[in-house]
Amino acid sequence: MVDSRSTQPLGSVFVGRQREMAELTAALDDALSGQGRLFMLVGEPGIGKTRTTQELTSYAEQQGVQVFWGRCYEDEGTPPY
Ligand SMILES: Nc1ncnc2c1ncn2[C@@H]1O[C@H](COP(=O)(O)OP(=O)(O)O)[C@@H](O)[C@H]1O
Ligand SMILES: [Mg+2]
C-alpha cells in the first residue's frame, strides 16, 4: 500500500506558523485594499524566515499579486538591510 504522504518531496510541507501567516495574510489583504504595511521577519538562521516569506508569496500570487524579491550581500561589513 502506498502512503501518499511519502511521495511528497522532503521539505514541501509547511508546518505551524499559523499565527505568523494569519498576521501576514491579513496585512496583505490590508495592502490590497489600500493600506500598505511593512513587516520584518527576524530570527536565527534556519528558523524559517525565507520559507515563511515564500509561503506568503504563494498566497499573494494566488490572488494575482506581483511579487518582487530583493537580496542583500552577507559579507562582513555589509550595511544592514
Ligand atoms: N514552518 C516550516 N515548515 C516546514 N519546513 C520549514 C518551516 N520553516 C522552515 N522550514 C525549512 O527549514 C529550512 C530553513 O528555513 P529557512 O526559511 O531557509 O530559514 P531562514 O531564512 O530563517 O534562515 C528550509 O529547508 C525550510 O524549507
Ligand atoms: Mg533566509
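Preceding this paragraph is the structure being described.
The notes below deal with the structure included here. The numbers attached to residues start from 1 for each chain and follow its sequence in the written order. Working convention: letters from A go to chains and numbers from 1 go to ligands, in the order in which they are written. Selection of residues for local features in this predicted model requires a pLDDT of at least 70, selection of side-chain atom pairs for listing and counting requires 80 or more, and totals for whole chains, interfaces and linings are taken over all residues. Side-chain measures here rest on the full set of heavy atoms in the structure, leaving out hydrogens and waters.

1. Regarding the overall build of the chain
Worth spelling out the cut-off: We count a stretch as a helix when DSSP gives it H or I for four or more residues in a row; a strand needs E for two or more, and each element gets its number in order from the N terminus. To sort residues, take the accessible area from a 1.4 Å probe on protein chains only and compare it with the maximum for the residue type: under 20% means buried, over 50% means exposed, and anything in between is partly exposed. Contact criterion: two residues are considered in contact whenever any of their non-hydrogen atoms come within 4.5 Å of each other. Note on areas: these come from Shrake-Rupley sampling with a 1.4 Å probe, and a residue is covered only by the protein chains present in the view.
Scanning the chain from terminus to terminus reveals two helices and zero strands. Within the span of the chain, comprising 81 residues, buried residues form 11% of the whole. Across the chain, contacts joining residues at least 24 apart in sequence account for 53% of those joining residues at least 6 apart. For the chain, the exposed surface amounts to about 7,200 Å²; the carbon and sulfur share of it is 53%.

2. Topic: the environment of G48
Looking at where G48 falls in the secondary structure, it is placed in the loop between α1 (18-32) and α2 (49-62). Expressed as a C-alpha distance, the spacing of G48 and R17, which sit 31 residues apart in the sequence, is 9.3 Å.

3. Re the pattern of salt bridges
Note the threshold: When a carboxyl oxygen of Asp or Glu lies within 4 Å of a side-chain nitrogen of Lys or Arg, that pair is called a salt bridge.
Per the counting criterion, the structure on display carries five salt bridges. Notably, a salt bridge pairs R19 with E23, separated by 3.5 Å at the nearest N-O pair. Taken together, the residues R19 and E23, both in helix α1 and four residues apart, mark about one turn of the helix. Residue classification places R19 among the exposed residues on the basis of a relative accessible area of 57%. For D30, the salt bridge identified is with R37, shortest N-O distance 2.7 Å. Residue D30 is classed as partly exposed on the basis of its relative accessible area of 28%. Note on R37: relative accessible area 45%, which makes it partly exposed. Counted as one network, the salt bridges with shared partners bring together R17, R19, E20 and E23.

4. Considering the site of ligand 1
This is how it is decided: Any residue with a non-hydrogen atom lying within 4 Å of a molecule or strand is treated as near it. Counting of polar contacts relies on pairs of N or O atoms within 3.5 Å, with two restrictions inside protein: one atom must be capable of donating a hydrogen and the other of accepting it, and residues adjacent in sequence are counted only when both atoms are side-chain atoms. Side-chain classes follow a simple rule in which Ala, Val, Leu, Ile, Met, Phe, Trp, Tyr, Cys and Pro form the nonpolar group, Asp, Glu, Lys and Arg form the charged group, and the remainder, Gly included, forms the polar group.
Taken together, V13, F14, V15, R17, E44, P45, G46, I47, G48, K49, T50 and R51 are the residues near ligand 1. K49 is positioned with one of its side-chain polar atoms (N or O) 2.8 Å from an oxygen atom of ligand 1. Contact between ligand 1 and R51: an oxygen atom at 2.7 Å from a main-chain N or O atom of the residue. Surface burial for ligand 1 is 64%, taken as the share of its 550 Å² of free accessible area covered by protein chains. Broken down by class, the residue content of the shell around ligand 1 amounts to five nonpolar, three polar and four charged.

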